[in-house]
Amino acid sequence: MILERYFSNPWALFGLKLGAILIFFLTAPLVIGYVEHKVLAHMQARLGPMEAGRFHGWAQLIADGVKFIQKEDITPDSADKWVFVAAPILVVVPVVMIFVVIPFGPGGWWGENLDLGLFFALAISAIGVIGMLMAGWASANKFSLIGAIRGAAQLIAYELPLVLAGAAVAMQAGTLSLVGIVEAQNHYWFVFPQIVGFFIFVTASLAELSRPPFDMPIADSEIIFGHMTEYTGIKFGLFLLSEYAGVVALSGLATVMFLGGWHGVVVPWIPGPLWTLAKIGAVSFIVIWLRATYPRLREDQLQKMAWKYLIPLALANILLTGFFKVVF
Amino acid sequence: MFPGGPGEGMEVIVAGEGSLATQEMVLNIGPQHPSTHGVLRVVITLDGERITAAEPVIGYMHRGFEKLAEARDYRQIIALVNRHDWLSAFGNELGVALIVEKMMGLEVPPRAQWIRMLMAEWNRVLNHLMFLGSYGLELGAMTPMFYAFREREDIQELMEAATGGRLHFTYCRVGGLKDDLPKGFLAHSERLVKLVRHRLLDYEGLLLGNEIFKKRTIGVGALPGDVAKDYGVTGPILQASGIAEDSRLTEPYLFYDQVDFDVPTGEKGDSFDRFNVLYRRIQQSLRIIEQVHGKIPAGPVILPKMPKTIKAPEGNYYLRTENSLGECGYYLVSTGDKYPWRLKMRTPSFSNVSMIPHLLPGILVPDLIAVLGSVFFVVGDVDR
């Protein structure tokens, strides 16, 4: 463990790790957000941000953040004040907590190596939806309410395939610890035996994050902006931050579970953390790419897809994994 | 009165039959809503996400065009009607020019007529591209919108070269056109036809061939042909219901009888058919444009001896043109003055929007957007 070598005081160690996670939590979404701006723009025959920060608008997201802080913070008259304020915080915090368990490199490049790391990450990622429901209900806006209910329905449908895909990986690795899962991929990445699981996991993550083509909870052409409709200023900024941090977090989980985490190929001398970041970037790129390509599904079509196809597929995947685990 | 209107409050109906009491919710879609592109308002009553009743409320954009026209001379009216359906400005001004010429018995030079056809068809492509893009956006696919604007930019550049305008062209005059085409226009136009035709394949891949797009639109908001006729629906929406009515074909004006084109039709009249018909209408327009290129004769573009003030002779006349979104009728009553006594416009969007309540009950909120977007309308054209 790198840090333990230099810091014997557990509190100093704790503070340092927390600081590192917070910095990553605040910067990674900005990078992903900027990449999304640019990638979408170039896929759509336009330039994207070009002004802020001179060079290809690299500072656009920082400028956006500053703008959010400066904006007037409006709470609607008929809103439930406390719940309205608490909701964005409840959406953001679980995403930070996921970063605590994601290992970035070998030898201590992680916040905490929990024995139940995978379980912890999947469980805590579902808490955000409570914030979403709170936001929708407290806003006293019908569009917000519809968005929040859609979000909750979506979560119920998609949490199951997500966890089932995770369960198959845990079986394959023989551990629930995320560090253990990465170490188990020493010889081959789990994406090869678990290709079905990988597909299910990415699909379910998209639905969990309300990213296109599963962005019904915020469907801007139908219900304005779902649960975020009444939010302004930094509270709205927090919602956006949590969305992009969520993309990073779930890409991180996919990387750790399926893409071999810090294990590199071809040029293994590149340090492990860089490999992890590169893979997170690659998965996030796919997420962005899908946004440029697909229209939005309807809520009932999504439910049908989850219950009729993904869950049976995930169960079959578990069965198959178990079978091969016993045979070999 | 519709529920949720001014002074009406929220109408609450408590369902008593089931064990779980549910309430219906009245939701105002619009007047300011991202998917009504303009200020159409639809008051819907919801049971969960299912629509039980729907009522479009129009008039938020009433600008009194018909009344204004009674105090404008015919040249000014051409600039005025440019603006009611802002996406097919040339089609609008063409209709007014045609009816005044008809009443005055003017014989417009053929070159002007052919150029008018060329412009009208380019304008139609311009209009349809807009809806092609925005429909994707309403279903959550953002890319087609930007592609549509890429093509629109090119076409606007072309039309700007001849007319000087990008949205409101004001290129028609009673008796002909404002100017002749600039040098190299036809070559530019020919290149553009090829380019647009090639790029249309992008939309086919992104939308028409897309599984999710098909799932969202096939069977959604099907409009039977006889209902469409009852409501006076015209244009792509009528054609999607399987009726090949197009006044360019059934009652040709300009030289539409001398070019070869088809009227694409759908079968079920659902959202997918409407979109598909719109898409294929672009291809047909491009076909017409290609034929027009070779047929424009030399000659003047406006009658040499036009009077200083244009006065339509006493009488009345009705004329219909196939505007981008459907049939646009003009009924002109003149007392022989330099102003019309009455200019009544029958705009396609108005009739097309009027059938929305027929389609909406029983479908879901996301389908409402899919239906509204596929009943291609311009709010200015509804309210005038």
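In this text, all values refer to a predicted model and were calculated from it rather than measured experimentally.

A. Main features of the overall build of chain B. Each helix and strand counted, chain B has 15 helices and eight strands in total. Referenced to the eigenvectors of the C-alpha coordinate spread, the extents of chain B come out at roughly 80 × 50 × 35 Å. Residue burial in chain B is summarised as follows: out of 384 residues, 50% are buried. At a minimum sequence separation of 6, the contacts of chain B that also span at least 24 residues come to 70%.

B. Local environment of unusual backbone geometry. In this model, A:P212 is joined to A:P213 through a cis peptide bond whose omega is 0°. Relative to the assigned elements, A:P213 resides in the loop between α9 (195-209) and α10 (233-258). With a phi angle near 55°, A:S210 is a residue other than glycine that sits in the positive phi range. Within the secondary structure layout, A:S210 lies in the loop between α9 and α10. The buried category is assigned to A:S210, around which 24 C-beta atoms lie within 10 Å. Look at B:R384: it is not a glycine, yet its phi comes out positive at around 60°.

C. Representation of the sheet that holds strand β3 (residues 50-57) of chain B in the model. Residue and element names in this part refer to chain B. Judged by pairing direction, the sheet is antiparallel, and its three strands sit side by side in the order β1-β2-β3 without closing on themselves. Here the strands that pair on one side only, and so sit at the sheet edges, are β1 (25-29) and β3. Neighbour-to-neighbour, the strand axes of the sheet open up by a mean angle of 20°, direction not taken into account. With five bridges connecting them, β1 and strand β2 (residues 41-47) associate as antiparallel partners.

D. View of the interface of chain B and chain A. With 24 residues of chain B in contact, the opposing surface of chain A contributes 23 residues. Counting residues per element, the ones that place at least two in the side of chain B that touches chain A are β1, α4 (110-138), α5 (143-163), α7 (211-217) and α14 (365-374) of chain B.

E. Representation of the nonpolar core within the structure. Counting 194 residues, the largest nonpolar core has A:I102, A:A165, A:F201, A:M257, B:I44 and B:L368 as its most contacted members. It is α4(B) that provides the largest number of residues to this core, a total of 16 residues. Not counting chain neighbours up to four residues away, the residues in contact with B:L368 comprise B:I29, B:I44, B:I51, B:L360 and B:I363.

F. Spotlight on the confidence of the model for chain B. Residues and elements named next belong to chain B. Of all residues in chain B, 93% have pLDDT values of 70 or greater, and the mean over the chain is 83. Taken element by element, the predicted model of chain B shows its lowest mean pLDDT in β1 (79) and its highest in helix α11 (residues 271-293) (90). Confidence drops under a pLDDT of 50 for residues 1-12, and excluding neighbours within four residues, the segment shows 18 contacts in the predicted structure. Model confidence for the complex: the whole-complex pTM is 0.82, and ipTM, which rates the interface, is 0.79.

G. α14(B), seen in detail. The buried fraction of α14(B) is high, at ten of ten residues. The complete set of buried residues in α14(B) reads B:V365, B:P366, B:D367, B:L368, B:I369, B:A370, B:V371, B:L372, B:G373 and B:S374.

H. Local environment of the sheet that holds strand β8 (residues 342-346) of chain B. Residues and elements named next belong to chain B. Strand order in the open sheet formed by three strands is β6-β7-β8, and the pairing between neighbours is antiparallel. Each end of this open sheet is capped by a strand with a single partner; those strands are β6 (315-323) and β8. Geometrically, the sheet is characterised by an average inter-axis angle of 15° between neighbouring strands, direction not taken into account. Sheet topology note: the strand β7 (residues 326-334)/β8 ladder contains five bridges and is antiparallel. Its bridge partner being in β8, Y330 is matched across the sheet by M345.

I. Representation of the environment of A:K17. Residue and element names in this part refer to chain A. Inspection of the secondary structure puts K17 in helix α2 (residues 10-43). Residue class for K17 comes out partly exposed when judged on the 17 C-beta atoms lying within 10 Å of it. Between the alpha carbons of K17 and A123 there is a distance of 22 Å; along the sequence they are 106 residues apart.

Calculation criteria
Residues numbered from 1 in each chain as written. Chains lettered and ligands numbered in written order. Predicted model: local features only at pLDDT ≥ 70, side-chain atom pairs only at ≥ 80, totals over all residues. Helix = DSSP H or I, 4+ residues; strand = E, 2+ residues; numbered from the N terminus. Buried ≥ 20, exposed ≤ 12 C-beta atoms within 10 Å, placed from the backbone. Contact = placed C-beta atoms within 7 Å. Pairing = 2+ DSSP bridges. Axes fitted to C-alpha atoms, helices over the stretch in contact; angles between N-to-C directions. Core = buried A, V, L, I, M, F, W, Y, C linked by C-beta atoms within 7 Å. pLDDT = per-residue confidence, 0-100.

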